[in-house]
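The chain contents come next:
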Amino acid sequence: MTGSHFDASGVRAVTAQSIGTAHTGDVIGLPVEILTAARDAPAPPSLTNLPPYPLCLGREEALAWLRTTLAADGGTAITQASTVHGLGGVGKSTLALAYGHRYRHEYTLIWWITADSPGRIEQSLAALALRLVPAWAGKASLEQQSEWAMAWLQWHPGWLLVFDNVENPADLAPYLGALHGGHYLISSRRAIGWPHTIRTYPLGALSPDEATRLVCEHAFADGTPTVREVQEARILASDLGYLPLALEQAGAYLRQHPTVTISAYRLRLHTKLDKAAEGADAERTIARIWAQTLSALSTRSPQAVEVLHTLAWLAPDDIPISLFETRDADDGLHEALGLLSAYSMATVTRHTVSVHRLLQAVLRSAAPTGPDGSPTGRHKAEEALLRALAPERTDASAAWDALMPQVIALATTRPYTYVDDLAADLYEIAAQRLRKQDHMARAVPLYEATLAQSEQTLGDNHPHTLRSRNNLASAYHDAGDLARAIPLYEATLAQSEQTFGDNHPNTLVSRNDLATAYHNVGDLARAIALYEATVTQSEQTLGDNHPNTLASRNNLASAYREIGDLARAIALYEATVTQSEQALGDTHPKTLASRNNLASAYHDAGDLTRAIPLLETTLAQSEQTLGDTHPATLTSRNNLAGAYHDAGDLARAIPLLETTLAQSEQTLGDTHPKTLRSRNNLAGAYYEAGDLARAIPLYEATLAQREQTLGDNHPSTLQSRNNLASAYHEAGDLARAIPLLETTLAQSEQTLGDNHPSTLQSRNNLAGAYYEAGDLARAIPLLETTLAQSEQILGDNHPSTLRSRNNLAGVYCDVGDLARAIPLYEATLPKSEQILGANHPDTVAIRNILKAAIRQRNEQPIPPT
């Protein structure tokens, strides 16, 4: 009654990432020998990339809390994570640095990761590979470097990873679950949105005594303050709200201007500058201090102010100083940077400079505009990146990997009405590189800037504007933001039809992309209509064997398969496989994907005699063509195991699933979606084998990881919750099964809708649990509702409808209501024979139950008249 425990594993619909091109991307897996090198590469003692030890006064309570929380189980072998959150300038990063330096020798590795974006995280991890294996990593791509670092961390426990300035907790999902055996320390302004497994600590301002001491440490670094100066420092600390950043900035100014008394400095802050700052109280306070410092810097070094305004438009951390060095540069740049460091306006190392995010925001918001409409510093930032990324550079690829966060930051900080002709090409090239690396979600700000530029300079319907709009919609799509993707796809399609015509290749791609978005949100009625139109028009315009035609045909077949129309799905898959073999070759990745999809459709139809040989062939070809641990090979292996499973051959299914899971964990990481799917499917095989002792813990682990990486209401999370509840049900633990099924159903109704297939399955399973608990008053009406909805939504012949009808008939039969049970069985049997085949196990079971029910009815005595 619970239905299949296998995740769907066919290749997803193709999404065109730019007008005129349709393609899919796979995760790049590292070769086995490289992964072995990650296992064997040792770490130098106490390896770290921590910035210098900061001045961190007080905070002993916070440091003690961090140590107690992270080392709760007596060491670093147990994975623990803690988040320190608070407003800008409160000292979160300083606290994290202080913890790292204090407990440096407790860890095999401490690695500082700038985490304000996915790209910066990847770049920080890549730096670990460059440190440990410079010979190989120097020639590898940024993605390969970060993958190697992940593999190394998986093999070497005892580390501390510091994720600094996290803007979005979801950015950590690929790492928090994938890496075990160490500690995570996270700093963020976000107080909510963290997984329940992460302990959080709200960091507030300093105490009055600590704040006073911090001012004095900075202002009187070369001497001892008098009693009066300490008193004045206490008053200044109060004025500044005891915020560490504000105190540090004020102290640095006073140290640079020893003739300015604290009282005089306070007066300046409270008079002419008081009206200049806007925003929250803390930010207004810090903005006033920076304004005072900038006024002093303008007199001492206009170049320092110019550099600071340029830095405001780039990523805040680890900006390469080489960006600002030119052939005719003199020492003025380095003197300017030294002065910024002395005033605590920037953190300068030998090769990089970092600026506080809050200072950048203040500088950008108050930047005066030049005669050409360019905000101060903006052109300088653009010119620096253009110079560093010039095509004639011999190390252009490495430069792009290193500077990608800077280009993204430039796009992100683009003023709304600003036309940045200089940087437009940078955005285009950067977005194309990310698309080729299958990182479309990271390209969202690049496409947003490109689209805004195109609309302003070329007009709303220019072909370049339409392409930019479609690319932005695709980036939203890949980021999972379908609420923004679909309206943009709809607008692009309407404009493409108007500009290019109904059958133009660009219009066809837009139509396919919109159909795929509808497909992904479960709106199959609109998706199929668009797919059908696209296939017909592609065949007519592009030809029967064009790659885009094959992609559209594959997508349409997948939609037919999803609504249970397996007859049309299989016919279309068969045609697509034949045409792919002819057009692309027998072992082309897209041909293998089409063959895998056809085999999965045979599987769905219960035709395992055709599914299993085709899956075996596809797996062998994938291993030979793509490699043993390529993601597509893992998918083929998983699907073959699923077919063995459904054929009742658990002796072959379980070892194959165990192998697939081990390879997925090693190649893709512990919480990659395909790894989670493999873990779920192995649990399902253990379940079918009656090994609930192994199935339930695996289901529990999968559910916890999906909640952490995908979110509480993600469809895959709901499926895991449903599977775990079914296992509890099978184990007779209805006290845990029923509440979990009730929760799952409520979440499915809210997230997916009342009539979504997954919601119908949840409703069916809850009815089964009520039935097992003897609660027929709730079970039978729920089964009747589920059947009516399945017939209406999925159709009379859909496998899920057949299962619902069979389940309801079974309950009627069990309660002795043969008058209602037998007609349902009689209606279900011919449909099952037609859809699944006469020899499908479900068909055979229905036939046997119907015979038994009829025999029982005939043996009943005729009631007296």
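Owing to the predicted nature of the structure, the values given are computational and were not obtained by experimental measurement.

1. Some points on the environment of Thr-671
Argument step 1. Tracing the sequence through the fold places Thr-671 in the loop between α29 (650–667) and α30 (673–688).
Argument step 2. Sequence separation of Thr-671 and His-334 is 337 residues, and the distance between their C-alpha atoms is 45 Å.

2. Some points on the packing of aromatic side chains
Argument step 1. All told, the structure shown has eight aromatic pairs when counted by the stated rule.
Argument step 2. Measuring from ring centre to ring centre gives 6.0 Å for Phe-163 and Tyr-184, while their planes differ by 25°; the resulting arrangement is stacked. One end of the pair, Phe-163, is in strand β6 (residues 159–166); the other, Tyr-184, is in strand β7 (residues 182–188), with 21 residues separating them in the sequence.
Argument step 3. In this structure an aromatic cluster arises from ring pairing among Trp-159, Phe-163, Tyr-175 and Tyr-184.
Argument step 4. Sitting over the ring of Tyr-103, Arg-67 keeps its end group 4.6 Å from the ring centre.

3. Observations regarding the confidence of the model for the chain
Argument step 1. Confidence along the chain averages 82 in pLDDT terms, with 91% of residues attaining 70 or more.
Argument step 2. Scored below 50 in pLDDT, residues 1–28 shows 106 contacts in the model against residues more than four places distant or in partner chains.
Argument step 3. Taken together, the stretch residues 272–280 has pLDDT below 50 and engages in 12 contacts with residues farther than four places along the chain or on a different chain.

4. Some words on a negative patch on the surface
Argument step 1. Together, Asp-646, Glu-688, Glu-730, Glu-772 and Asp-814 give the surface a local cluster of negative charge.
Argument step 2. Within the secondary structure layout, Glu-772 lies in helix α34 (residues 757–772).
Argument step 3. Classification of Glu-772 as exposed rests on a relative accessible area of 51%.

5. What about the packing of helix α16 (residues 378–388) against helix α18 (residues 421–436)?
Argument step 1. Interhelical geometry of α16 versus α18 gives an angle of 45° and a closest axis separation of 9 Å. Compared by their axis directions, α16 and α18 come out oblique. Taken as a pair, α16 and α18 cross one another with a handedness that is left-handed. Only Leu-422, Ala-423, Leu-426 and Tyr-427 of α18 make contact with α16, whose side of the interface consists of Arg-378, His-379, Glu-382, Glu-383, Leu-385 and Leu-386.
Argument step 2. Looking at side-chain class alone, the contact of α16 with α18 contains six nonpolar, one polar and three charged residues.

Calculation criteria
- Sequence positions are assigned chain by chain, starting from 1 and proceeding in written order.
- In view of the model being predicted, local features appear only for residues whose pLDDT reaches at least 70, and side-chain atom pairs are presented and counted only at 80 or more, with totals across whole chains, interfaces and linings using the full set of residues.
- No hydrogens and no water enter the side-chain calculation; it runs on all heavy atoms of the structure.
- Numbering of helices and strands runs from the N terminus; a helix is a DSSP stretch of H or I covering at least four residues, while a strand is a stretch of E covering at least two.
- Any two rings among Phe, Tyr and Trp, with Trp reduced to its six-membered ring, count as a pair given centres within 6.5 Å; such a pair is stacked if its planes are under 30 degrees apart, edge-to-face if over 60, and tilted if neither.
- Charges are assigned to positions over rings by a cutoff of 6 Å between ring centre and Lys NZ or Arg CZ, combined with an angular limit of 35 degrees from the ring normal.
- pLDDT expresses, on a scale from 0 to 100, how confident the predictor is about each individual residue.
- The criterion used for residue contact is that any of the two residues' heavy atoms lie within 4.5 Å.
- Within the patch definition used here, like charges are joined within 9 Å and nonpolar side chains (Val, Leu, Ile, Met, Phe, Trp, Tyr) within 5 Å, considering only residues with over 30% relative accessible area and no salt bridge.
- We get accessible surface area from the Shrake-Rupley algorithm with a probe of 1.4 Å; when it comes to residues, only the shown protein chains can shield them.
- Here, a salt bridge means any side-chain nitrogen of Lys or Arg that lies within 4 Å of a carboxyl oxygen of Asp or Glu.
- Counted as positive: Lys and Arg. Counted as negative: Asp and Glu, with His and the chain ends omitted from the count.
- Charged groups are reduced to one reference atom each: NZ for lysine, CZ for arginine, CG for aspartic acid, CD for glutamic acid.
- To sort residues, take the accessible area from a 1.4 Å probe on protein chains only and compare it with the maximum for the residue type: under 20% means buried, over 50% means exposed, and anything in between is partly exposed.
- Convention adopted: a line fitted to C-alpha atoms gives each axis, helices being fitted over their contacting stretch, and angles between N-to-C directions are expressed from 0 to 180 degrees.
- These descriptions rest on fixed angle ranges, namely under 35 degrees for roughly parallel, over 145 for roughly antiparallel, 65 to 115 for roughly perpendicular, and the rest for oblique.
- The sense of a crossing depends on the near helix, which, turned anticlockwise from the far helix by less than a right angle, makes the crossing left-handed and, turned clockwise, makes it right-handed.
- The nonpolar class holds Ala, Val, Leu, Ile, Met, Phe, Trp, Tyr, Cys and Pro. Asp, Glu, Lys and Arg form the charged class, and all remaining residues, Gly among them, are polar.

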